[in-house]
Amino acid sequence: EDQVTQSPEALRLQEGESSSLNCSYTVSGLRGLFWYRQDPGKGPEFLFTLYSAGEEKEKERLKATLTKKESFLHITAPKPEDSATYLCAVQAEGRRSGGSNYKLTFGKGTLLTVNP
Amino acid sequence: DTGVSQDPRHKITKRGQNVTFRCDPISEHNRLYWYRQTLGQGPEFLTYFQNEAQLEKSRLLSDRFSAERPKGSFSTLEIQRTEQGDSAMYLCASSSLVTGTGVSPLHFGNGTRLTVT
């Protein structure tokens, strides 16, 4: 069974204080690893997809990296508007007939609070 | 592109009542998913449609739950004889069918928050 573990559960930073969130995963063949941002009362918002170990993606103050066992979301010089829950999810390789495996398995998320 | 739309945003119901939620996916997306999220947890997969065909249902989806996607457009999720344990955020997502890597990110709506009293 696919598993995703995120740490820490909660992280409080001062504005400008860089840090990293961790996502450890166990999956029977990784097709893709996804990072989402979720604001209170809203649905998850897509950030990145990573496909293979060594890959990196960047967007503004966020950079996601991937190894064979884990992914990191690095936040550089965060601002209060970066406060949110960050979710990691994996998609496993599946049957080829009729298309790829489709289900995402999510972690519980990391609640990030950035204080001004 | 107005994104994934869900209705209603909030629903309060009494235990034992039936409720129905609606999801309108992004128009060009042929894949549609329902997830459930409780406080402090990540979204949990419930069911998946490709066009109008329901291809998988999670074991979380008891026989009180039914989902439909007539004509491969909007989808409905119905919960019969609601229980307090059904209280959660019900999220709908859609994605396109991508060849090659077969990976396409899910785009989520803002969910329907169900409270069963």
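Just above, that's the structure.
Overview of the structure. Please read all numbers here as calculations on a predicted model, not as lab measurements. (Residues numbered from 1 in each chain as written. Chains lettered and ligands numbered in written order. Predicted model: local features only at pLDDT ≥ 70, side-chain atom pairs only at ≥ 80, totals over all residues. Heavy atoms only, no water.)

**Here's the deal with the side chain of Thr110(A)**
All names here are of chain A.
Then comes step 1: You can see threonine 110 is positioned in strand β11 (residues 110–115).
Then comes step 2: Among the polar contacts listed, one links the side chain of threonine 110 to the backbone oxygen of proline 8, at a separation of 2.6 Å.
Then comes step 3: Excluding its chain neighbours within four sequence positions, the residues that come into contact with threonine 110 are Gln6, Ser7, Pro8, Glu9, Leu11, Leu21, Ala84, Thr85 and Tyr86. (Helix = DSSP H or I, 4+ residues; strand = E, 2+ residues; numbered from the N terminus. Polar contact = N/O pair within 3.5 Å; in protein donor to acceptor, adjacent residues only side chain to side chain. Contact = heavy atoms within 4.5 Å.)

**Focus: the interface of chain A and chain B**
Then comes step 1: Taken together, the contacts link 24 residues of chain A with 27 residues of chain B.
Then comes step 2: Here chain A meets chain B over a buried area of about 2000 Å², counting both sides, of which 54% is carbon and sulfur.
Then comes step 3: Of all residues in chain A, the largest losses of buried area upon contact with chain B belong to Tyr102(A), Phe106(A) and Lys108(A), amounting jointly to 29% of the total for that side.
Then comes step 4: Here chain A and chain B share 0 salt bridges between them.
Then comes step 5: Here chain A is connected to chain B by 5 residue pairs in polar contact (both at pLDDT 80 or more).
Then comes step 6: Ranked by residues supplied to the side of chain A that touches chain B, first place goes to strand β4 (residues 30–38) of chain A with 4 residues.
Then comes step 7: Class assignment of the residues belonging to the side of chain A that touches chain B gives a composition of 9 nonpolar, 9 polar and 6 charged. (Buried area = accessible area lost by both parts, 1.4 Å probe. Salt bridge = Lys/Arg side-chain N within 4 Å of Asp/Glu carboxyl O. Nonpolar A, V, L, I, M, F, W, Y, C, P; charged D, E, K, R; others polar.)

**Structural notes on the state of the cysteines**
All names here are of chain A.
Then comes step 1: Considering all chains together, one arrives at 2 disulfides over all chains under this definition.
Then comes step 2: Here cysteine 23 is linked by a disulfide to cysteine 88, with a sulfur-sulfur distance of 2.0 Å. The S-S bond linking cysteine 23 to cysteine 88 shows a torsion near -65°; that makes this disulfide left-handed. Taken together, the residues span a long stretch of sequence, with cysteine 23 in strand β3 (residues 19–26) and cysteine 88 in strand β9 (residues 84–92) at a distance of 65 residues. (Disulfide = S-S within 2.5 Å.)

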